[in-house]
Amino acid sequence: MNFNCKPLHKITFYASTALFTMVATSTPAQAETLREALEKAYKSNPTLTGARAGQKVINENVPLAKANGRPSLNIQSNYLENIRTNPNSFTAPSRLTSNDATLTVPAYRGGAVKNNVRAAKGRVQAGFANLRATESSIFSNVVAAYMDVIRDEAVVRLNRAQVGVLSVNLEATRDRFEIGDLTRTDVAQSEARYAEALGNLQNARANLIRSKEIYIQFVGSEPNALEAPPPLPDLPDDPIAAVEIALAENPDLLSAQETRDAAKYDIKAAKASRLPTVDAFAQGNYTNFLNTLGGNIPGANFIQATTTATIGVRATIPLYQGGRPSAQIRQSQSRLSQAQEQEIAAERNVIAQTRASHASWKASLELTKAFERAVEANTLSLEGVRAENSVGNRTILDILNAEQELLNSRVQLVTAQRNAYVAGFTLLASMGKAEARDLGLDSGILYDPMADYDKVKGNFNDWSSQPNPEEQASRTTDTQAQDAPIEALPDN
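So, here's what we can say about the structure. Counting restarts for each chain: residues are numbered from 1 in the order of the written sequence. Two thresholds apply to this predicted model, a pLDDT of at least 70 for residue-level local features and 80 or more for giving and counting side-chain atom pairs, whereas whole-chain, interface and lining totals are computed over all residues. Hydrogen atoms and water are omitted, and side-chain values are computed over all heavy atoms in the structure.

For the rest of this paragraph, the subject is the sheet that holds strand β4 (residues 305–316). The strand order across the open sheet formed by four strands is β1-β2-β3-β4, and the pairing between neighbours is antiparallel. Two strands lie at the open edges of the sheet, namely β1 (72–81) and β4, each paired on one side alone. The mean inter-strand angle of the sheet, taken between neighbouring strand axes irrespective of direction, is 15 degrees. Two elements, strand β3 (residues 277–288) and β4, share 12 bridges in a ladder whose sense is antiparallel. Residue pairing in the sheet places Asn288 in a bridge with Ala305 of β4. Between any two strands, at least two bridges found by DSSP are needed for them to pair. Numbered from the N terminus, helices here are DSSP runs of H or I no shorter than four residues, and strands are runs of E no shorter than two. The angle between two axes is taken between their N-to-C directions and runs from 0 to 180 degrees, where each axis is a line fitted to C-alpha atoms and a helix contributes only its stretch in contact.

Here, a salt bridge means any side-chain nitrogen of Lys or Arg that lies within 4 Å of a carboxyl oxygen of Asp or Glu. Counted under the stated rule, the structure contains 21 salt bridges. Residue Lys362 is joined to Asp237 by a salt bridge in which the shortest nitrogen-to-oxygen separation is 3.2 Å. Remark: Asp237 occurs in the loop between α6 (184–219) and α7 (239–249) and Lys362 occurs in helix α9 (residues 324–390); sequence separation between them is 125 residues. Judged by relative accessible area, Lys362 falls into the partly exposed class, the value being 25%. Its salt-bridge partner being Asp454, residue Lys457 comes within 3.3 Å of it at the nearest N-O pair. Using a 1.4 Å probe on the protein chains alone, a residue whose accessible area is under 20% of its type maximum counts as buried, one over 50% counts as exposed, and one in between counts as partly exposed. Relative accessible area serves as the criterion here: at 39%, Asp454 is assigned to the partly exposed category. Residues joined in a network through salt bridges with shared partners are Asp148, Arg151, Asp152 and Arg418.

In C-alpha cells, the structure reads:
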C-alpha cells in the first residue's frame, strides 16, 4: 500500500516486519490485502455511504438560503359562479374568470439573505470535515478488524500447536508411568494441562469467529487469507509534533471551527428581522365576465373583459413583532456560545486522543521488542528444561510450566504486534492523515463532495430533479456464518 508520505520510520518498519514474519508462512498466493479491505469499505460501507448522502442534504441549504433573495413569480386563476346575487345589483355578472400574475423582486432584506447564505456555506464546509472524520473512523475500524483477524488466527494456530505438544507429552507421561518412571501425579498434571489447552483453543476459536464477523460488518465481505499489512508511514517521534499536526488537520476540530463561524452569521441574520425590507413588484390581472356583466338590462353594453397592470415598490417597516426578533437573536447567540464551547471540547479531545495514541503506539512497539526477546528466551528455556528432565534434574511440571510460558509469550507477542499497528493507525487518524486521499487507494475516482456541492449551489431551476437514489452499500445477508476450522485434535 502506498501511503503517499515520507520515508518509513525505522521502528515502525520493525514492528510491521515482525508481524509479516508471523503470518507469511501461512499466507496463500490468493490472499486479501489491507488495501483491498479498505477499498471495499470505501465503496460500500453503509455508514460512509450514508454520510455522503447526508452531506448532500446539507449542500441543499445553500440554494435554499439563496432562494429567499431571488425573484418569485406566481399566477392565480379563478372561476366564479354567482348562484345568488343581491336583488338590487342589476349589473352583477352570473359568472367570471380571473387571472392574476405577481412578480416580486426582493431588493433589501436587511442582510438576512446574505448572512443566511454565508452560514449555510460554513455548514457545508463543516459537513465536508465531518465526512472526512467518518471516513477516517471507518478506516480505523477496518484496520482494527483486519488486525484482529490476523491476531486471532495466529492465536488459534498457537493454541492448536500447544494442544498437539501437550498431547504428545501426555502420551509420553503415560508411557513412563506404565514402566514406573513417573508417578500418577505427573500423569494428572499432564492431563490437567491438556484439558486447559483444549479449553483455551475453543476460546481462541470463538474470538476468531467474533473478529471475522466484525470484519464482515465493516468491510462487507468475508476475510480471505489476510496478508500481513504494509508498514505504516512515518509517524512523529515527539507527541508535541503529532499534536501540532492534529490541531491543523483533524477533521473533527475543523468541523467544530466551521460550525462556530457559521453560528456568527446566524446572529447577523437574526438581527436583520428588525430591519425594513424593500420589494419591487409588478402585478397584472385579466378578468372575463363571460358576457354576463350587465344582467338583463335592455340595450346594456358593458365591457366583458378587463385587463389591469401595476408596478411599484413596497417597503415594510416592522414596528412590533411580539418579541420574536429579540428571542431569535438571543437564541442565535446561545447557539454561538454552544458552538464555541464545543469547539474547545473538540480541541481538548483531539489533544488527548493524539497524545494517548502516540503513547500507546510507542509502548506497543517497545512491548513487541520485549516479547520477541521473551519468546527467544522461553524457547531456550524449554529446550533446557526438557534436556534437564531427561537426566532427572527437572520434573514434568517444570516442562509443562515452560511450555505454557512459551505459549503465553507468543500470544503476547502477536497481541503487541496487533496493538502497535492499530495504535499507529489511530495516531494517523487523530492527525487527519488516515483518509482515502492519504492512503492512495486504487478504487477508481475517489468520491469528491465538492463536485456534488458545485452541482447544486447555484441551481435556481424549480423543475430540476434527479433520479430516486438506489442503495450504494452492500448487504451481508448472503455471507456465511464464520467458523474457525482446525485440523483434527488428538484423541486423549
